[in-house]
Amino acid sequence: MNDMSRVERQVDTNEIKLECRDCQVFYGDTHAIKDVNVDIEDKTVTAFIGPSGCGKSTFLRCLNRMNDTIDVARVQGSFKLDGEDIYDKRVDPVQLRAKVGMVFQKPNPFPKSIYDNVAYGPRIHGLAKNKAELDEIVEKSLRRGAIWEEVKDRLDAPGTGLSGGQQQRLCIARAVATEPEVLLMDEPCSALDPIATAQVEELIDELRAQYSVVIVTHSMQQAARVSQKTAFFHLGNLVEFGETGQIFTNPVDPRTESYITGRIG
Amino acid sequence: MTDTSMQTPETGRQAVSLTAYDARTRKRAKAEKRFRAYGIVAIATGLFFLIVLFASILSEGIPAFTRTVVSVDFTLTQQEQEEAESTLFKTKAYSDLFIAALNKELDESGLQVDFDEAAIERLLGKVGGTIRTFYADNPDKLGEPIEFDLAASSRVDGYFKGRVSRDTIQDSRFLQKSDLDLVDALKEAGIIKQVFNWPFITGADSGVDNPGGAGIGASVVGSFFMMLVVLALSLPIGVAASIYLEEFAPQNKFTDLIEVNISNLAAVPSIVFGILGLAVFIQFMHLPQSAPLVGGLVLTLMTLPTIIISTRASLKAVPPSIRDAALGVGASKMQAVFHHVLPLAAPGILTGTIIGLAQALGETAPLLLIGMVGFVARGYPDGFLAGFTEPNSAMPAQIYTWAARADVGFYEKAWGGIIILLIFLLTMNIIAIILRRRFERRW
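Residues numbered from 1 in each chain as written. Chains lettered and ligands numbered in written order. Predicted model: local features only at pLDDT ≥ 70, side-chain atom pairs only at ≥ 80, totals over all residues.

A. Spotlight on the overall build of chain B. A tally of regular secondary structure across chain B gives 19 helices and 3 strands. At 33 Å, chain B has a C-alpha radius of gyration far larger than the 22 Å of a compact globule built from 443 residues. Dimensions of chain B, computed from the C-alpha atoms along their principal axes, are close to 120 × 65 × 35 Å. When burial is assessed residue by residue, chain B has 35% of its 443 residues classed as buried. By sequence separation, contacts in chain B at least 24 residues apart represent 79% of the contacts at least 6 residues apart. (Helix = DSSP H or I, 4+ residues; strand = E, 2+ residues; numbered from the N terminus. Rg over C-alpha atoms; globule rule 2.2 N^0.38 Å. Buried ≥ 20, exposed ≤ 12 C-beta atoms within 10 Å, placed from the backbone. Contact = placed C-beta atoms within 7 Å.)

B. Examining the overall build of chain A more closely. Assigned secondary structure in chain A consists of 11 helices and 10 strands. For a compact globule of 265 residues, the expected C-alpha radius of gyration is about 18 Å, and chain A comes in at 18 Å, within 12% of that figure. Oriented by its inertia axes, the alpha-carbon framework of chain A measures out at about 55 × 45 × 35 Å. Within chain A, the proportion of its 265 residues that are buried is 47%.

C. Quick look at the nonpolar core. Residues A:Phe48, A:Leu183, A:Leu184, A:Val213, A:Val214 and A:Ile215 are the most contacted members of the largest nonpolar core, which totals 138 residues. Tallying contributions element by element places helix H10 (residues 217-248) of chain B first for this core, with 12 residues. Setting aside its immediate chain neighbours within four residues, A:Leu183 contacts A:Gly101, A:Val103, A:Ala175, A:Val176, A:Leu207, A:Tyr211 and A:Val213. Counting residues in hydrophobic clusters, the runner-up holds 24 residues, among them B:Leu97, B:Leu102, B:Val127 and B:Leu182. (Core = buried A, V, L, I, M, F, W, Y, C linked by C-beta atoms within 7 Å.)

D. The packing of H10(B) against helix H13 (residues 292-317) of chain B, seen in detail. Residue and element names in this part refer to chain B. Remark: H10 packs on H13, axes separated minimally by 6 Å, with the N-to-C direction vectors making an angle of 35 degrees. Of the two possible hands of crossing, H10 and H13 adopt the one that is right-handed. Split by residue class, the contact of H10 with H13 holds 19 nonpolar, 9 polar and 4 charged. (Axes fitted to C-alpha atoms, helices over the stretch in contact; angles between N-to-C directions. Left-handed = near helix turned anticlockwise from the far one by under 90°. Nonpolar A, V, L, I, M, F, W, Y, C, P; charged D, E, K, R; others polar.)

E. Quick look at the interface of chain B and chain A. Taken together, the contact between chain B and chain A spans 17 residues of the former and 21 residues of the latter. For the side of chain B that touches chain A, the elements supplying multiple residues, two or more each, are helix H14 (320-328) and helix H15 (333-361) of chain B. When residues of the side of chain B that touches chain A are assigned to their parent elements, the largest contribution, 6 residues, is made by H14(B). Of the residues contributing to the side of chain B that touches chain A, the split by class is 8 nonpolar, 7 polar and 2 charged.

F. Representation of helix H5 (residues 117-124) of chain B in the model. Residues and elements named next belong to chain B. Taken together, the buried positions of H5 are occupied by Ile120, Arg122, Leu123 and Leu124. Residues of H5 that are buried in the fold lie against strand S1 (66-75), helix H4 (90-108), helix H6 (127-137), strand S2 (145-151), helix H7 (154-160) and helix H8 (177-188). One or two steps after H5, the chain reaches Gly125, where phi turns positive at roughly 80 degrees.

So yeah, pure geometry; function would need other evidence.
Here's what the structure looks like:
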């Protein structure tokens, strides 16, 4: 299987952004992620699929060290962002998270104004020297989040007053406002209706031009639609990783085939 | 299963009308009705006792808010003052002048009563001394007509409020039956009347023999300074401790132990904190006795667990997604807590703090041990800082002190004090409710 994925990679020309080797995650005594090796490429959408509880969200949260906030979680292995180990003792997770942004499953705007939601990240990282620059960043991010036209007249309105789909796009705008290099999305559309989902998917495709996007999803159609690479997780193992087209049309592992045809999971 | 059996279920069930109850349904309906009845009875009982409580507090306490005064128009010329000052018994000279003025007013009303100086003294206390002091302090009032409002003695006050009657009094040096004739005459002439008892609200405690002059004002000030100490210490300490425990502390045996202990501390009887305060603050640290500072420190110890528990509850109630969102854009843990979690938890923290303060305001037992009970708070503190260290009483302690005194006049004061205390507590609780309503859930 590993050989196969290596063969697949040769086809690709994009450089590797995030290299993960022999990754293990333990929750107390539970071995949640076992020996996972994944290469996340730059300017590519990588989808993680798999049944509930298979560890794909856990693995995603390793990539920006969000698992640090869970006391019982232990992470082992090597995660290299542009060749630098992100779990190095000298790395401040705060700086890492500015580079590796995250969008969560449930839209979670701050209970503040739309403007403040987007401006918060640039403010704490000191990305804007003055109000005019900040305004510019906010507008640019909201445009990239494909929500500018809907909210430009009410930037002072609370972000929590938007609809679910708008909230999620606001959260994406908030995540891109800090100019991350990698954007992690943990089931970003699970709380959205099909129209909002379509908008977010379109957005993901646009974001691919600048970022490396990693998306966890339960919808295999979504993975097929938005991603170029797909990783299938099962019971904490990375079962198969390769070109999305190949995974969905010609899976190597029988488990992958069973899952995408709906027999397990 | 065959198709026929699906169409006509013949599994022993009979077609029963929905309007006809079977035995089980009837039993369940009855049980539900019974349960509702229990609930209503319980609430009605509670309400009944609440009404009885309030009715008794109000009926016993309201009289404390009126007082009986004798108001007499009185003019003292400079010459009269000089003459009085030159006599041997100076206050007697003033008394005579007052009695003359009183007689004049009675004559004008066409009433004729015989009374002597002793009767006036029984009714109004040492009038001469009061007048003399007044003119010594305000020499510019000489020659001007002034209406003196002199407080009637507590027995006369009691006569007006129905506590004392002709049948119950015995002739004594405090009051004689014949004095009541004079009182009736004064009442008819409109000289003696009942007015709102401002001195009760603004005044300080009096000696055990003068219930009429006792006021709760000084102990309200004492309570105020104690609450300042409690607020200034327990809010920052409590909130800081809760934030650390809830957001930063590692989960291990030690923090578990601390948590259990905080919960237990909230249930420790308050008198235990009183003993602790006595031992640590007064006997070991030699802080002044009966001082609101010490009272505040003791009540801080008592309030801290309450504040910590409520603060932690409101921090817990902030959805973790907000923390994730802040961390996700690269905020540090502290920024996430202070920029996002704390503002959302603030209304809950404030409500908890106010309720903790209200609890502390009504606490008496710990004050027993640090000398704030039984103490006669005769005056206001000299200044803001002195307010913390000068001996004073507190509202509940003052009420307790009055309730323990022999004179029935104090009984009424105790009830009146309870009304004032309840007003303060209700106000604080209403503020808490308003805050909670205003800032409720914004996410």
